[in-house]
Amino acid sequence: MSTRVCLAPVVVSTSSTSKTSTPCRLRDHRGHRPVVAIGASARRLSALTVTRAAPSGQGVDARRFFSPSKINLFLRITARRPDGFHDLASLFHVVDLGDDMSFAKSSSETKDTLICNDPTIPTDESNLVIKALNLFRAKTGIEQYFWIELDKKVPHGAGLGGGSGNAATTLFAANELCGRPATEADLLEWSGEIGSDISVFFSNGAAYCTGRGEIVENVEPPLDLGTEMLLVKPPMGCSTPAIFKALDLDGRSTADPLALLKAIGDDGCSEAVCINDLEAPAFTVLPELAELKESLKQATADKNTIVFMSGSGSTIVIVGDDDVPAFVAEDETLFKAPTRLITRKPGEWYVPTLDRR
Ligand code: C5P
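Since the structure is predicted, the reported quantities are computational estimates derived from the model, not experimental observations.

> Looking at this model, I keep getting lost on the overall build of the chain. Mind explaining?
Helix and strand counts for the chain stand at 8 helices and 14 strands. For the chain, the share of sequence-separated contacts (at least 6 apart) that also reach a separation of at least 24 residues comes to 74%.

Below, the structure written as structure tokens:
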């Protein structure tokens, strides 16, 4: 299937998110009252890539790239397709929780070398990073192999597209290291061949996605980029195929996704707009997730937050506050990370907003 991008004009905010500078605005779903949300210990990081020494034997320098993740501000499933996939209509946004990746050209003429800090992640041909490099070589005809170091921070089975972000970052990085033989439109089109959630990373950061997720339309970020957000994930992950399998099409929302897109652009997040058709099946598969969402809603209710699941789960997103609720702080099994929406300019890659060192 081909991948399309709509080159709609996009306003990319370049506002700083420093806690001591610009207060960030989040629209309140109850009365559309602006809520002042001030960034956490946020600090704009400036470097896109940093050159550093490659491991011995590489003989060249490695370049570092930030590999972001994504959230779905709303997610409607519009149809079950004959090929077993589902058509969706979703407002995706790239966020600054991400992995660190380093790339160098390898002198090998037969294989890539992927090194990952997480021993549970396969580093063979099943990894999306290697799939992306195989795709890059097949499409460009360039027989270049790579050395890649992947420092994972984004949990998997999370609905955050961490592996998809790695694949997109790999396509971008390989193209940079090889002197940009492909256009970004090429990378976007190719990315749909190896996964549903990769294409969104070739948008400007905010994208209305349809098809399997590979038809990408740039939109203006619907919220101030400094809006405080907290991601909370239980130790159990969600298997995307299992969640789609558990989906009861009769139990879906009937909301028009284009109306949701307009509403979030006009009025910001609200419970009525931030709906996710995959919540119900995820809560069936993982009842503890429904309890976690409810507890997070209650714990942050006085902050006018909006709470919803991202993608096929199991991450719950809190929009409007990034303080870690006491019950979350006490539970060491929960993954928790403050995050911010991020965008990029064409030709550049993403950089994180928050300094997590
Ligand atoms: O494309 P990706 O590898 O993320 O998809 C994993 C699985 O999730 C697919 O094999 C399919 O079962 C399900 N899926 C779907 N509809 C989508 C995306 C994924 O049914 N739009």
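So much for the structure itself; the text now carries on.
> Help me understand the site of the ligand in this model?
Around the ligand, the neighbouring residues are Gly84, Phe85, His86, Leu88, Gly195, Ser196, Arg212, Thr240, Pro241 and Phe244. Contact with the protein chains hides 72% of the accessible area of the ligand, taken as 450 Å² for the molecule alone. Its atoms largely coinciding with the cavity grid, the ligand occupies the largest pocket. Every element with two or more residues in the shell around the ligand is listed here: β6 (86-105) and α4 (240-245). Considering every element that reaches the shell around the ligand, the biggest residue donor is α4, with 3 residues.

> Mind showing me how you'd approach the packing of aromatic side chains here?
In this structure the tally under the stated criterion is 6 aromatic pairs. Ring centres of phenylalanine 65 and phenylalanine 103 lie 5.8 Å apart, and the angle between their planes is 80°; on these two criteria the pair is classed as edge-to-face. In this pair, phenylalanine 65 sits in strand β5 (residues 61-80) while phenylalanine 103 sits in strand β6, placing the two residues 38 residues apart along the sequence. Plain terms: the ring middles of phenylalanine 65 and phenylalanine 172 are 6.2 Å apart, the flat faces sit at 75° to each other, and that makes the pair edge-to-face. Residue phenylalanine 65 is located in strand β5, and its partner phenylalanine 172 is located in helix α2 (residues 162-177); the two are separated by 107 residues in the primary sequence. Overall, the relative accessible area of 2% leaves phenylalanine 65 in the buried class. For phenylalanine 172, a relative accessible area of 3% corresponds to the buried category. Among the aromatic residues, those joined into a ring-pair cluster are Phe65, Phe103, Phe172, Phe202, Trp349 and Tyr350.

> What is the right way to read the state of the cysteines from this model?
Structurally, a disulfide amounts to a covalent bond that connects the sulfur atoms of two cysteines. Enumeration according to the criterion identifies 0 disulfides in this entry. Between cysteine 269, a cysteine without a disulfide, and cysteine 274, which holds the nearest cysteine sulfur, the sulfur-to-sulfur distance is 3.6 Å. For cysteine 269, a relative accessible area of 1% gives the class buried.

> Would you take a moment to explain the sheet that holds strand β11 (residues 229-233) for this structure?
Taken together, the 4 strands give an open sheet; going across it, the order is β12-β13-β11-β14, and neighbouring strands pair in antiparallel fashion. Sheet topology places β12 (306-309) and β14 (335-339) at the edges, where each strand pairs with a single neighbour. Geometrically, the sheet is characterised by an average inter-axis angle of 20° between neighbouring strands, direction not taken into account.

> Which parts of the structure should I look at to understand the environment of valine 319?
For valine 319, the location among the structural elements is in strand β13 (residues 316-319). Between the C-alpha atom of valine 319 and that of valine 307, which follows or precedes it by 12 residues, the distance is 6.4 Å.

> Help me out: how do you make sense of the layout of surface pockets in this one?
By volume, the largest pocket amounts to about 1,100 Å³. If you trace the largest pocket, you find 42 residues lining it, with Leu128, Gly161, Ser164, Asp197 and Thr240 closest to the centre. Counting only elements with at least two residues in the lining of the largest pocket, the list comes to β5, β6, α1 (128-140), α2 and α4. Sort the elements by how many residues they give to the lining of the largest pocket and α2 lands first, with 4 residues. In terms of residue class, the lining of the largest pocket is made up of 18 nonpolar, 19 polar and 5 charged.

> Sorry if this is basic, but what is going on with the pattern of salt bridges here?
Working definition: two side chains of opposite charge can pair if their charged atoms are close together. A complete count under the given rule lists 18 salt bridges for this structure. Put simply, lysine 152 and aspartate 99 hold a salt bridge, and the shortest N to O gap is 2.7 Å. Highlighted residues: lysine 152 in the loop between β8 (146-151) and α2 and aspartate 99 in strand β6, separated in sequence by 53 residues. Each member of the pair, lysine 152 as well as aspartate 99, carries the same accessibility label: buried. Between aspartate 323 and lysine 303 there is a salt bridge, with the nearest N and O atoms lying 3.8 Å from each other. Of the two residues, aspartate 323 is situated in the loop between β13 and α8 (326-330) and lysine 303 in the loop between α7 (287-300) and β12; the sequence distance between them amounts to 20 residues. Look at the salt bridges and you will find they share partners, linking Arg81, Asp83 and Asp87 into a network.

Reading the values: the criteria
- Along each chain, the written sequence defines residue order, and numbers are assigned to residues from 1.
- Per-residue local features are limited, in this predicted model, to residues with pLDDT of at least 70; the limit for side-chain atom pairs, both in listing and counting, is 80 or more; totals at the level of whole chains, interfaces and linings are taken over all residues.
- Side-chain figures throughout are based on the complete set of non-hydrogen atoms in the structure, without hydrogens or water.
- Only runs of H or I of at least four residues qualify as helices and only runs of E of at least two qualify as strands under DSSP, and these elements are numbered from the N terminus.
- Any two residues having at least one pair of non-hydrogen atoms within 4.5 Å are treated as being in contact.
- For this description, a residue counts as near a given molecule or strand if any of its non-hydrogen atoms is within 4 Å of it.
- Surface accessibility in these figures is a Shrake-Rupley result with a 1.4 Å probe; residues are shielded only by whichever protein chains are displayed.
- Of the two site types, the cavity is a set of points on a 1 Å grid over the protein atoms alone where a 1.4 Å probe fits but cannot get out, and the pocket is an open set with protein on both sides within 12 Å along at least five of seven lines, each lined by residues with an atom within 4 Å of a point.
- Think of it this way: if more than half of a molecule's atoms are within 2 Å of a pocket's grid points, that molecule is in the pocket or cavity.
- Put simply, two rings from Phe, Tyr or Trp (the six-membered ring, in Trp's case) pair if the centres are within 6.5 Å, and we call them stacked under 30 degrees between planes, edge-to-face over 60, tilted for the rest.
- Under the scheme applied here, a residue whose accessible area is under 20% of the maximum for its type counts as buried, over 50% as exposed, and between as partly exposed, the area being computed with a 1.4 Å probe on protein chains only.
- Working definition: a disulfide is two cysteine sulfur atoms within 2.5 Å of each other.
- Only strands joined by at least two bridges in the DSSP assignment are considered to pair.
- Between the N-to-C directions of two axes lies an angle of 0 to 180 degrees, each axis being a line fitted to C-alpha atoms and, for a helix, fitted only over the stretch in contact.
- Grid points are joined across faces, edges and corners, and a volume is the space filled by probe spheres set on the points.
- For this classification, Asp, Glu, Lys and Arg are treated as charged, while Ala, Val, Leu, Ile, Met, Phe, Trp, Tyr, Cys and Pro are nonpolar and the rest, including Gly, are polar.
- Throughout this description, the term salt bridge denotes a Lys or Arg side-chain nitrogen within 4 Å of a carboxyl oxygen of Asp or Glu.

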